[in-house]
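Report on the structure
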Amino acid sequence: MAPIEDLRVYERRVPLKFMAAQENELRELEIERADASRSLADGTLTRWAHALELSLFFASFHDAVSILRITTFAELIAQFERVDALVVTLSRLDPRRVLEENDAVLRPYAALRPHASEPVAVETAAVVRSVQSMLLHCPMEELDRLYQEHALAEIGHRCRIAYDGLRAFVARHTHPNENVVTAAGHVYADGRASVEEVAAMLDLDVPDVVALLEEHGFRRPVDGLRLTGEARRERLRRIREDRLERGGQPALSEPHVVRDVIASQRIEGIDARPWLPR
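All of these numbers come straight from a predicted model, not from anything done at the bench.

A few words now on the overall build of the chain. Looking only at helices and strands, the chain features 16 helices and zero strands. Residue burial in the chain is summarised as follows: out of 278 residues, 40% are buried. Of the contacts formed within the chain by residues at least 6 apart in sequence, a portion of 75% connects residues at least 24 apart.

Moving on, we get to the packing of helix 3 (residues 38-67) against helix 9 (residues 140-149). Remark: helix 3 packs on helix 9, axes separated minimally by 10 Å, with the N-to-C direction vectors making an angle of 135 degrees. The orientation of helix 3 with respect to helix 9, classified from their angle, is oblique. Judged by the twist between their axes, the crossing of helix 3 over helix 9 is left-handed. Judged by residue contacts, A41, T44, L45 and W48 of helix 3 engage L143, L146 and Y147 from helix 9. Considering only residue class, the contact of helix 3 with helix 9 consists of six nonpolar, one polar and no charged.

Right, let's get into the environment of Q22. By the element assignment, Q22 lies in helix 1 (residues 14-27). The buried category is assigned to Q22, whose relative accessible area is 5%. Each C-alpha atom of the pair Q22 and L52 lies 9.5 Å from the other, and the pair is 30 residues apart in sequence. With residues up to four places along the chain from it excluded, the contact list for Q22 reads A51, V105 and M134.

By size, the foremost hydrophobic cluster in this structure holds 49 residues, and its most contacted members are W48, L52, F57, L76, V83, V131 and C159. Tallying contributions element by element places helix 3 first for this core, with 14 residues. Counting residues in each nonpolar core, the second largest holds 13 residues, with V195, V198, L202 and V209 among its members.

The next thing to look at is helix 8 (residues 124-136). Relative to the 18 Å expected for 13 residues at 1.5 Å per residue, helix 8 spans 18 Å between its end C-alpha atoms, a close match to the ideal helical length. Those residues of helix 8 that sit buried are A126, V127, V128, S130, V131, M134 and L135.

Our focus in this paragraph is the state of the cysteines. Defined simply, a disulfide is a covalent bond joining two cysteines at their sulfur atoms. One pass over the structure, following the stated rule, counts zero disulfides. In this model C138 remains outside any disulfide bridge; the closest cysteine sulfur is found in C159, 7.0 Å from its own.

Before going further, it helps to spend a moment on the pattern of salt bridges. A full pass over the atoms with the stated rule returns 13 salt bridges. When salt bridges with common partners are traced through the structure, they connect E53, R97, E101 and R158 into a single cluster.

Let's shift gears to the packing of aromatic side chains. Applying the stated criterion across every chain, the model contains one aromatic pair. Ring geometry for F57 versus F58: centroids 5.6 Å apart, planes at 55 degrees, classification tilted. An identical accessibility class is assigned to F57 and F58; each is buried.

All right, on to helix 3 then. For helix 3, spanning 30 residues, the distance from its first C-alpha to its last is 42 Å, which sits close to the expected 44 Å at 1.5 Å a residue. Remark: R69 follows helix 3 within two positions and exhibits a positive phi of approximately 55 degrees.

Time to look at the confidence of the model for the chain. Counting all residues, the mean pLDDT for the chain is 76, and 69% of those residues have values of 70 or more. This model gives residues 1-5 a pLDDT under 50, and the stretch forms eight contacts once residues within four places in sequence are excluded.

Looking now at the packing of helix 3 against helix 8. Packing of helix 3 against helix 8 leaves a shortest axis separation of 11 Å and a crossing angle of 160 degrees. Between helix 3 and helix 8, the crossing angle belongs to the class labelled roughly antiparallel. At the point where helix 3 passes helix 8, the crossing takes the left-handed sense. Packed against helix 3, whose contacting residues are W48, L52, S55, A59 and H62, the element helix 8 presents T124, V127, V131 and M134 at the interface. Its residues assigned to classes, the contact of helix 3 with helix 8 comprises six nonpolar, three polar and no charged.

How each quantity is defined
Residues numbered from 1 in each chain as written. Predicted model: local features only at pLDDT ≥ 70, side-chain atom pairs only at ≥ 80, totals over all residues. Heavy atoms only, no water. Helix = DSSP H or I, 4+ residues; strand = E, 2+ residues; numbered from the N terminus. Buried < 20%, exposed > 50% of the residue type's maximum accessible area, 1.4 Å probe, protein only. Contact = heavy atoms within 4.5 Å. Axes fitted to C-alpha atoms, helices over the stretch in contact; angles between N-to-C directions. Parallel < 35°, antiparallel > 145°, perpendicular 65-115°, else oblique. Left-handed = near helix turned anticlockwise from the far one by under 90°. Nonpolar A, V, L, I, M, F, W, Y, C, P; charged D, E, K, R; others polar. Core = buried A, V, L, I, M, F, W, Y, C linked by side-chain atoms within 4.5 Å. Expected span 1.5 Å × (residues − 1). Disulfide = S-S within 2.5 Å. Salt bridge = Lys/Arg side-chain N within 4 Å of Asp/Glu carboxyl O. Phe/Tyr/Trp six-rings, centres within 6.5 Å; stacked < 30°, edge-to-face > 60°. pLDDT = per-residue confidence, 0-100.

Right, here's the structure in full:
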């Protein structure tokens, strides 16, 4: 169990105050000046990476306590390990690293003394508005240009991943069927349902449900993608049967063509689905 001193950063007013303060400061960063040198570009990208990652961390924490139905600080303390693990799954971030890198901006909140019975979360709509404002004022295209021009791929990648994670958070909470999509996304990410089963649950085609899950930030970890020995043998058996039936000749079936086109277009960041036959 984590001591309450380590949990002050989770006090319900901290995320909104942090995002508002950081947004105002980051607006004043001059991207044009950062073009002048690699060190200035690195500094600009680092500031944005830290702010975007901490915002994503707070947004994921909000989702985690909602999913686990935690309402008070006392409940948070009792179930902190479960919350921490879920935040990692949702954000794909290392919470310890994120908090350490943002120590300077979080230090003013160290004096907070949240009461055990105090609510642990604010209204979801308030968090969504704060995240939307952060995204609105984040010059992501310019940050992409900076890291490419100055060969700062690592820190630029961190900016992009956090930015996309925040967009997924907003998409999850503004979708008309938010609860259904979120529930389906979690069972998919946990490996409890195949993409075909999720497609059936949401009454969508598989390509559409894959796009929807990615838009909402639901991805399986590598461990969830690995086949069991039995499943691997079954797939290899079916592949062999298919090859023998075709006599070793290629088969240009429509489902495979659609799958390959969608896969290649996703790599290029293009949505080709509107032009594919159904």
